[in-house]
Amino acid sequence: MSTPKRLLLTAASLLALLLLWQFAALWAQSRLLPGPPEVFEAMARATRTGVLPESIAITLARVAASFLIAMTLGSAIGIVLGRSVALNELFGPWVVVLLNLPALVVIILCYVWFGLTEVAAITAVAVNKIPNVAVTMREGAVALSRDLDEMAQVYRLPRLRALRHVTLPQLVPFFAASARSGLALTWKIVLVVELLGRSNGVGFELQTAFQLFDVAGILAYALAFTAVVQVIEIGLLQPWERRANRWRR
């Protein structure tokens, strides 16, 4: 399907969703289910006061920090485990335990151990994401082509050149999968972290709106932040993934 047709189909789908939402709001006639006009008005009001853009910027900074830490440490751990059978047998169960540990438990423990601080918040998010990245990258390391490794050895490529031109290109699809799923998971956990223990950010504003039973405010912040994350996904991650996978064509 061509790009214009795909964009047209996406626009039509979103318009249908808005119409369905408006119909449901009119049918419910309740302040607990505001329609799109009320939500967009709440969004505009928060934007005019500056609270919405400031909260989004704060939350995005936390997302970026925890995402970078998780991708760096998780990728390193996954590659090491995938390349070493002994280390995988020894430390693989640790990854499984962390993978199945509820995110809420990790957040609470970080706040108890480190206090209601920025370090605790970012650590909690990163720890929740690292096992997911490690598992994906471990599978990528296991799937590395032995033929290409042998070719690099035959041609006596320096270790850094072999890493750049032979190993890393094979890991790009796995890294991209980790990044795309990681972004979606990270920003959701950041909101929970902010709701439980921070005094600013989108999660904090959602908590405030919840206490006031302000559903329009809740939806306004949720939709605004979701739109920003979607722009990052479409504008940065997807083009990077296509460019990184160009060598396979």
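Anything mentioned here points back to the structure above.
Residues numbered from 1 in each chain as written. Predicted model: local features only at pLDDT ≥ 70, side-chain atom pairs only at ≥ 80, totals over all residues. Heavy atoms only, no water.

> Run through the side chain of Thr 59, naming residues and quoting values.
Mapped onto the fold, Thr 59 is located in helix H3 (residues 51-83). Of the residues examined, Thr 59 reaches a relative accessible area of 0% and is grouped as buried. Here the side chain of Thr 59 touches Glu 194 through a polar contact of 2.9 Å, side chain to side chain. Other than its neighbours up to four places away in sequence, Thr 59 contacts Val 190, Leu 191, Glu 194, Gly 201, Val 202 and Phe 225. (Helix = DSSP H or I, 4+ residues; strand = E, 2+ residues; numbered from the N terminus. Buried < 20%, exposed > 50% of the residue type's maximum accessible area, 1.4 Å probe, protein only. Polar contact = N/O pair within 3.5 Å; in protein donor to acceptor, adjacent residues only side chain to side chain. Contact = heavy atoms within 4.5 Å.)

> How would you summarise the pattern of salt bridges if you had to cite specific residues and measurements?
Summed over all chains, the structure comprises five salt bridges. Among the salt bridges present, the one from Arg 62 reaches Glu 194, with a minimum N-O distance of 2.7 Å. Residue Arg 62 is found in helix H3, and its partner Glu 194 is found in helix H8 (residues 159-197); the two are separated by 132 residues along the sequence. Neither Arg 62 nor Glu 194 differs from the other in exposure class; each is buried. One network of salt bridges, with partners in common, ties together Arg 62, Glu 118, Glu 194 and Arg 198. (Salt bridge = Lys/Arg side-chain N within 4 Å of Asp/Glu carboxyl O.)

> Tell me about the packing of aromatic side chains, residues and numbers included.
On inspection of all chains with the given rule, the structure shows three aromatic pairs. Geometrically, the ring pair formed by Trp 187 and Phe 225 is edge-to-face, given 5.3 Å between the ring centres and 70 degrees between the ring planes. Taken together, the positions of Trp 187 in helix H8 and Phe 225 in helix H10 (residues 215-244) put the pair 38 residues apart, joining distant regions of the chain. Both residues of the pair, Trp 187 and Phe 225, belong to the buried class. Between the aromatic rings of Phe 210 and Phe 213, the centroid separation amounts to 6.4 Å while the plane-to-plane angle is 35 degrees, which identifies the pairing as tilted. When its relative accessible area of 52% is taken as the criterion, Phe 213 is described as exposed. (Phe/Tyr/Trp six-rings, centres within 6.5 Å; stacked < 30°, edge-to-face > 60°.)

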